Amino acid sequence: MPVRPQSHYARGHARRAKVLEATIEVIAERGIEGVTHRSVAARAEVPSSTPSYFFTSIDELIGAAITTIAEQVVTAVDELITAATAGVVDEDEFADQLVELMSDARPQLVRVQFEAYLASERRPDLQAPVQEIMRGFDAATAQALRAVGVVDADLVARQFVAVIDGFALHRIAWSRGEEDRAALTAVLRRLLDSYRGEGRAPA
Amino acid sequence: MSRPRTHYLRGEARRALVLDAAVEVIADHGLEGVTHRAVARAAEVPLSTTSYFFGSLDELVGAAVTRIADGVLADVDSLLTDAAGMAATSSIDGYIDRFVDIITAPRARQILVQFEAYLGSTRRVELVEPVQRIVQAYESAATTVLGALGATDPERAGRHLVAVLDGFAINRLAHPRPDDHELLREAVQLVAAAHLGVPLTRAS
């Protein structure tokens, strides 16, 4: 039988993905500084040489892990926007799902995402993927706001993203159970009403 | 507090020096970067000094974050003292501007360490209490201020305000943009408008 590079490649790809998944788990458990070739290899249950086969430095490994989160976010956001454009989800559902996507559905990823935000100044390799995540959220939120008739949606979006990120951060710092989600929903609704009523703050 | 003796005071000053150095180390290297050696070097004290004051690294990190929490509480206290006088004399806008200035006054590095502690509190039990105290202090100040201004649901309004501030802060740490401050001010005014039920007009 001839050599099949395809499956060889696929196997390598799967191992790389496994290493990246393990990296995200290590960050969630021990923070960015807890990532070492050894800790990731142990978590991925691969030989300790495997991470350095795919990634030449720890920063490259962390950057690649954060990039996978960015890619997931962008894909999920694109799907949501497509569904909204096609009229499959209505305004309220869209807002709900956006919040879900940005915080509820992925508590561990949110923590890893914020770890990357905080570390990006001291680890330049993280800046590109971090900015990609931020752009993904900004774009989705702007789309949602445009759909409900908010003018200047791009700038307003950053304000909504700040609220959602702020609530997500506080839930990590001091969770208050059910009230967290209720408060966020109430607050977003009020904010939206106030934008619809007046547009942006009068200059 | 009774008046400490000089000897005690010197000890306190050294302890504070060590904690300030620990905050710097956390800002540069994260919570996991805190070692006796790194902190002693940053504080420019002998290696034995840090372990004289703190039995473990966890204790040292916990104390550093507690020191930040104490600072936050003091800031918030003075904010509320100011608030009482200002509410009568100042426009809502001017008042909110001042609130934002005070909340955003801490240096970027302190906010960075504060947020590192928020995230770290999920894996370090000694951070849970000081971190909650920080969030609670900001939220209760915001609740008091917005309640005094007539917010219909002061508690949620307070959470909203602090979430906006912290959300902007973490986004800004990750990716600073030139219009951050202007957008933040506008966002805070809209928080107030949303909860006070009256449209705001700007002073200038």
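**A short note on the interface of chain A and chain B**
Phase 1: Each partner contributes to the interface: chain A provides 42 residues, whereas chain B provides 44 residues.
Phase 2: Contributing elements (two or more residues each) for the side of chain A that touches chain B: helix H1 (5–30), helix H6 (107–119), helix H7 (127–147), helix H8 (153–173) and helix H9 (178–198) of chain A.
Phase 3: Among the elements that make up the side of chain A that touches chain B, the one with the highest residue count is H8 of chain A (14 residues).
Phase 4: Across the side of chain A that touches chain B, the residue classes tally to 23 nonpolar, eight polar and eleven charged.

**What about H7 of chain A?**
Residue and element names in this part refer to chain A.
Phase 1: The first and last C-alpha atoms of H7 sit 30 Å apart over 21 residues, in line with the 30 Å expected at 1.5 Å per residue.
Phase 2: Buried within H7 are the following residues: Pro129, Val130, Ile133, Met134, Gly136, Phe137, Ala140, Thr141, Ala142, Ala144 and Leu145.
Phase 3: Within two residues after H7, Gly149 carries a phi angle of roughly 85°, on the positive side.

**Some points on the nonpolar core**
Phase 1: Ranked by internal contacts, the top residues of the largest apolar core, which has 120 residues, are Leu98 and Val163 of chain A together with Ala22, Ile26, Ala64, Leu161 and Val164 of chain B.
Phase 2: At twelve residues, H8 of chain A tops the list of elements feeding residues into this core.
Phase 3: Looking at which domains feed residues into this core, each of domain 1 (1–56) and domain 2 (67–198) of chain A gives three or more.
Phase 4: Not counting the four nearest positions on each side in its chain, Ile26 of chain B is found in contact with Leu31, Gly33, Val34, Ala64, Val113 and Glu116 of chain B.

**Quick notes on the confidence of the model for chain B**
Predicted coordinates in regions of low pLDDT should not be interpreted in detail.
Phase 1: Scored by pLDDT, chain B has a mean of 85; 85% of the residues are at 70 or more.
Phase 2: In the model of chain B, helix H5 (residues 92–104) of chain B stands out as the element of lowest mean pLDDT, 70, in contrast to helix H2 (residues 36–43) of chain B, which has the highest, 96.

**Let's talk about the packing of helix H4 (residues 58–85) of chain A against H7 of chain A**
All names here are of chain A.
Phase 1: The contact between H4 and H7 brings their axes to 8 Å, and the two run at 15°. Taken together, the axis directions place H4 and H7 in an arrangement best described as roughly parallel. The way H4 lies across H7 gives a crossing that is left-handed. In contact with Gly63, Ile66, Thr67, Ile69, Ala70, Val73, Val74, Val77, Leu80, Ile81 and Ala84 of H4, H7 contributes Pro129, Val130, Glu132, Ile133, Gly136, Phe137, Ala139, Ala140, Gln143 and Ala147.
Phase 2: When grouped by side-chain class, the residues that make up the contact of H4 with H7 number 16 nonpolar, four polar and one charged.

**Notes on the domain arrangement of chain A**
Phase 1: Examined at the domain level, chain A breaks down into domain 1 (1–56) and domain 2 (67–198).
Phase 2: Grouping the amino acids of the side of domain 1 of chain A that touches domain 2 of chain A by side-chain chemistry returns five nonpolar, one polar and no charged.

Cut-offs used in this document
- Residues numbered from 1 in each chain as written.
- Chains lettered and ligands numbered in written order.
- Predicted model: local features only at pLDDT ≥ 70, side-chain atom pairs only at ≥ 80, totals over all residues.
- Contact = placed C-beta atoms within 7 Å.
- Helix = DSSP H or I, 4+ residues; strand = E, 2+ residues; numbered from the N terminus.
- Nonpolar A, V, L, I, M, F, W, Y, C, P; charged D, E, K, R; others polar.
- Expected span 1.5 Å × (residues − 1).
- Buried ≥ 20, exposed ≤ 12 C-beta atoms within 10 Å, placed from the backbone.
- Core = buried A, V, L, I, M, F, W, Y, C linked by C-beta atoms within 7 Å.
- Domains from an automatic or database assignment.
- pLDDT = per-residue confidence, 0-100.
- Axes fitted to C-alpha atoms, helices over the stretch in contact; angles between N-to-C directions.
- Parallel < 35°, antiparallel > 145°, perpendicular 65-115°, else oblique.
- Left-handed = near helix turned anticlockwise from the far one by under 90°.

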